[in-house]
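# Per-entry structural report
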Amino acid sequence: QVQLVESGGGLVQTGGSLRLSCAASGRTFSRYAMGWFRQAPGNEREFVAAITWRGGNTAYADSVKGRFTISRDNAQNTVYLQMNSLKPEDTADYYCAAGIVGTDNEVLTRRYEYHYWGQGTQVTVSS
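A brief structural summary. These numbers come from a predicted model, not from an experiment. (Residues numbered from 1 in each chain as written. Predicted model: local features only at pLDDT ≥ 70, side-chain atom pairs only at ≥ 80, totals over all residues. Heavy atoms only, no water.)

### What about the sheet that holds strand β7 (residues 68-73)?
Which entries qualify depends on this criterion: When DSSP finds at least two bridges between two strands, those strands are taken to pair. In this text, helices come from DSSP runs of H or I with a minimum length of four residues, and strands from runs of E with a minimum of two, each type numbered from the N-terminal end. Fitted lines through C-alpha atoms serve as axes, helices being fitted only where they are in contact, and the angles separating the N-to-C directions of these axes extend from 0 to 180 degrees.
The 4 strands lie next to each other as β1-β3-β8-β7, forming an open sheet whose pairing is antiparallel. Whereas interior strands pair on both sides, the edge strands pair on one side only; in this sheet they are β1 (4-7) and β7. The sheet shows a mean angle of 15° between the axes of neighbouring strands, direction not considered.

Okay, here's the thing in structure tokens:
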């Protein structure tokens, strides 16, 4: 079992930055692939970024590539999402997720691949 708690959301102006954190409980955090998803009002939850066990491989949605960076600190049981050059269309609730994988080269980009989810943190980007 893994429990995930997101933090770091808030209100920011266009072009600004935020860093989201996701703190995980459980002693096997390092064996989970991690990801960030977001959901805007009236929209489906969509993939944002993902990272492997040890952080050696990452994946990003095209809409955030070059602006967002996912990273993890397994010693701190935490995964991060650094968001730069924010746009109004980035406004959404952001969710952290953990997926059980068998190897360190698995990057999970689909919702159904994840087993545990946080409660979300709200990000609002004003124009």
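And the narrative resumes.
### Quick look at the pairing of β7
So the rule is basically this: In this scheme, a residue with accessible area under 20% of its type's maximum is buried, one over 50% is exposed, and one in between is partly exposed, where area comes from a 1.4 Å probe on protein chains only.
Burial of the side chains of β7 is restricted to one face: Phe68, Ile70 and Arg72 are buried, whereas none of Thr69, Ser71 and Asp73 on the reverse face is. Here β7 pairs with strand β8 (residues 78-83) via 6 bridges, running antiparallel. In the strand pairing of β8, isoleucine 70 is matched with leucine 81. Following β7, the chain reverses through 4 residues before pairing antiparallel with β8; asparagine 77 in that reversal takes a positive phi of roughly 55°.

### Focus: the state of the cysteines
To keep things clear, this is the line we draw: Cysteine sulfur atoms are paired as a disulfide whenever they fall within 2.5 Å.
Under the criterion given, the structure shown has 1 disulfide. Each sulfur in the disulfide pair cysteine 22 and cysteine 96 lies 2.1 Å from the other. In this structure, the disulfide formed by cysteine 22 and cysteine 96 twists by about -75° around the S-S bond and is classed as left-handed. Of the two residues, cysteine 22 is situated in strand β3 (residues 18-24) and cysteine 96 in strand β9 (residues 92-100); the sequence distance between them amounts to 74 residues. A single burial state applies to cysteine 22 and to cysteine 96, both of which are buried.

### What about the environment of aspartate 62?
Looking at the secondary structure, you find aspartate 62 in the loop between β6 (58-60) and β7. A sequence separation of 24 residues divides aspartate 62 from leucine 86, and the C-alpha atoms of the two residues are 14 Å apart.

### Here we look at the packing of aromatic side chains
Centre distance and the angle of the planes are the two values used to describe a pair of aromatic rings. This is how it is decided: Here a pair means two rings of Phe, Tyr or Trp (six-membered ring of Trp) with centres within 6.5 Å. Their orientation is stacked below 30 degrees between planes, edge-to-face above 60, and tilted elsewhere.
Enumeration over the complete set of coordinates arrives at 5 aromatic pairs. Relative to tyrosine 116, the ring of tyrosine 32 lies with its centre 6.0 Å away and its plane at 75°, an arrangement referred to as edge-to-face. Here tyrosine 32 is found in strand β4 (residues 32-39), whereas its partner tyrosine 116 is found in strand β10 (residues 116-117), with 84 residues between them in sequence. Owing to a relative accessible area of 19%, tyrosine 116 belongs among the buried residues under this scheme. Pairing phenylalanine 37 with tyrosine 114 gives two aromatic rings, centres 5.4 Å apart and planes at 85°, and the pair type is edge-to-face. Of this pair, phenylalanine 37 sits in strand β4 while tyrosine 114 sits in the loop between β9 and β10, and the two are 77 residues apart along the sequence.

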